[in-house]
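Each chain, written out:
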Amino acid sequence: MSKAVVSQLYDSEVFRMACKQFDSAADAINLPDNIRDRTKYPRRCLAVSIPVKRDDGSITIFEGYRVQHNLSTGPAKGGIRFHEHVTLGEVAALSMWMSWKCSLVGLPYGGAKGGVIVNPRELSLRELEHLSRRYMQEMIHFLGPDIDVAAPDVGTNEQIMAWMMDTYSNHVGYLVPAVVTGKPLSVGGSEGRREATGAGVAYLIKHYLIDMKLPIEQATVAIQGFGNVGSEAALALSQYGAKIIAISDYTGGIYNPKGIDLKKALAYLSYAKVLKDFDGGEAISNEALLELPCTVLVPAALERVITEINAPKLKCKLLAEAANGPTTNAADKIIEQRGDIEIIPDVLCNSGGVIVSYFEWLQNRQSYYWSREEVLSKLTGILDKAKASVEYQKRKFKFSRRLAALTLGIARVAEAKESRGLFP
Ligand code: GLU
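Think of each chain on its own: its residues are numbered from 1, step by step along the sequence as written. Only residues with pLDDT of 70 or above have their local features reported here, since the model is predicted, and side-chain atom pairs are shown and tallied only from 80 upward, although totals for entire chains, interfaces and linings are computed over all residues. Computation of side-chain values: all heavy atoms of the structure, hydrogens and water removed.

Some remarks on the overall build of the chain
Inference 1: Helical segments are the DSSP runs of H or I of at least four residues, strand segments are the runs of E of at least two, and each set is numbered from the N terminus. Across its full length, the chain holds 14 helices and 12 strands.
Inference 2: This radius of gyration counts C-alpha atoms alone. The globule rule is 2.2 Å times how many residues there are, raised to the power 0.38. In terms of overall size, the chain behaves like a compact globule, its C-alpha atoms giving a radius of gyration of 21 Å where 424 residues would be expected to give roughly 22 Å.
Inference 3: Each of the three principal axes of the chain carries a C-alpha extent, and together these read 55 × 55 × 40 Å.
Inference 4: Here the term buried applies to any residue with accessible area under 20% of the maximum for its type, exposed to any over 50%, and partly exposed to those in between, with areas from a 1.4 Å probe on protein chains only. Put simply, the chain has 424 residues, and 57% of those count as buried.
Inference 5: Contact criterion: two residues are considered in contact whenever any of their non-hydrogen atoms come within 4.5 Å of each other. A sequence separation of at least 24 residues applies to 70% of the contacts in the chain between residues at least 6 apart.
Inference 6: Carbon and sulfur atoms form 53% of the exposed surface of the chain, whose accessible area is close to 18000 Å².
Inference 7: Taking the average location of the 50 positive side-chain charges in the chain and that of its 47 negative ones, the two points are 4 Å from each other. In these tables, accessible area is a Shrake-Rupley quantity obtained with a 1.4 Å probe, and a residue counts as shielded only by the protein chains included in the view. We treat Lys and Arg as the positive residues and Asp and Glu as the negative residues; His and chain ends play no part in the count. Here the site of a charge means NZ on Lys, CZ on Arg, CG on Asp, or CD on Glu.

Right, here's the structure in full:
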């Protein structure tokens, strides 16, 4: 039996979900007791309060977190989320998934995640800059190219990464691009990073459809979430010949069985800021989008959108988890029992983002920059290898694909901890 003596610090539905996934994987590989809890629980976290002077002269305090789940295999790595529903428990769960993801695809990183409870759309650009810089300032001794490397996530972008990198660099007195990835090209960003997550999702979908003997030219795709990941996945998939029949954001979705004009949707989004009232199809709710008949369903927004309520009603053949943790454990079981839907689990499906983040960090440290072709061919090489190892593990142990991916990721972290031993 495991004997963790831990508080309720991270307790939340999403953290329990990540822990349950871990427990199933640890059971499946008979992970020894003396390594289980050390591998499972986050190593450390920092909570900070961030005062921001508002445009009207008042001051608002925001709360921010960084959870470093594991540093055994390298610096911690993971994005920073700006969202009004961020909780410490959510950030902790996301940090666990970063650990398994980095480990699964063989990156020399641990896992981390950050978050601030804020709706970034309610801040002016100046307020957003102030918030981003102050977050980094408060984290200054907790982050660094050899400690913990941040990146974008839901609600953050290249500009925010540039401000954070600038704040860190001003603190140490020289340019340190490798403290943050997902930066603009002008300050050490990598070719291909912006589209990496979505492009990786699309690449894996293409290859899984080949395995399933479903021609991509006849595939229909519904995408929940049309932010960086969802929109880049949509563009890449339509280039492969698939038809995108539905997209959505937090204001609702658009459905067009003839195929959505993505260029028009992106142009509309660039001035309207939201998809609401886009006239490229009929309006549809986010919930209804998930239940559309389609070849591929891509949840590309937040956690826990596929639940025991809608899992029995899904009408896709392939569920590609571009978001982190979109499928609850109960929904996962239902889908497994149904047996008619293939899943590309999140830790594999969206790993293209952190893979190219790794390339960006390498390029920063070497001050030697690669071409887009080089980045993309190295990315697909790593994805091919990760996919093959997941499929091998799945076949060998008769695991679900999620269990195969998680056991590979978790076993490597546990092995590293075992080899390093316990510092007294
Ligand atoms: N936020 C992304 C993720 O969840 C990217 C993390 C990174 O590039 O470090 O994988």
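So that's the structure; there's more coming.
Considerations on the environment of Asp-261
Inference 1: In this structure, Asp-261 sits in the loop between β8 (252–255) and α8 (262–272).
Inference 2: Separated by 17 residues in sequence, Asp-261 and Ile-244 place their C-alpha atoms 8.4 Å apart.
Inference 3: At 3.3 Å, the side chain of Asp-261 forms a polar contact with the backbone nitrogen of Lys-263.
Inference 4: A polar contact of 3.2 Å, which involves the side chain of Asp-261, links it to the backbone nitrogen of Lys-264. By the criterion applied in these results, polar contacts are pairs of N or O atoms within 3.5 Å in which, for protein atoms, one can donate a hydrogen and the other can accept it, and in which residues neighboring in sequence qualify only through two side-chain atoms.

Some thoughts on the packing of aromatic side chains
Inference 1: Here a pair means two rings of Phe, Tyr or Trp (six-membered ring of Trp) with centres within 6.5 Å. Their orientation is stacked below 30 degrees between planes, edge-to-face above 60, and tilted elsewhere. Taken as a whole and assessed by the stated rule, the structure comprises 10 aromatic pairs.
Inference 2: Here Tyr-109 and Trp-361 contribute two aromatic rings whose centre-to-centre distance is 5.1 Å and whose plane-to-plane angle is 65 degrees, an arrangement assigned as edge-to-face. A residue pair is termed long-range when its members are at least 10 positions apart, and Tyr-109 in the loop between α3 (88–104) and β4 (111–117) and Trp-361 in helix α12 (residues 352–366) qualify at 252 residues. Accessibility assignment for this pair places Tyr-109 and Trp-361 in one class, buried.
Inference 3: Relative to Phe-399, the ring of Phe-397 has its centre 5.3 Å away and its plane inclined at 25 degrees; by these criteria the two rings are stacked.
Inference 4: Take Phe-397: its relative accessible area is 42%, and that puts it in the partly exposed class.
Inference 5: Here Phe-399 falls in the buried class, since its relative accessible area comes to 13%.
Inference 6: Here Arg-121 stacks its cationic end above the ring of Tyr-250, 3.8 Å away from the centre of that ring.
Inference 7: Charge over a ring is defined by NZ of Lys or CZ of Arg lying within 6 Å of the ring centre and within 35 degrees of the ring normal. Taking NZ or CZ as reference, Lys-378 lies 4.5 Å from the ring centre of Trp-370, over its face.

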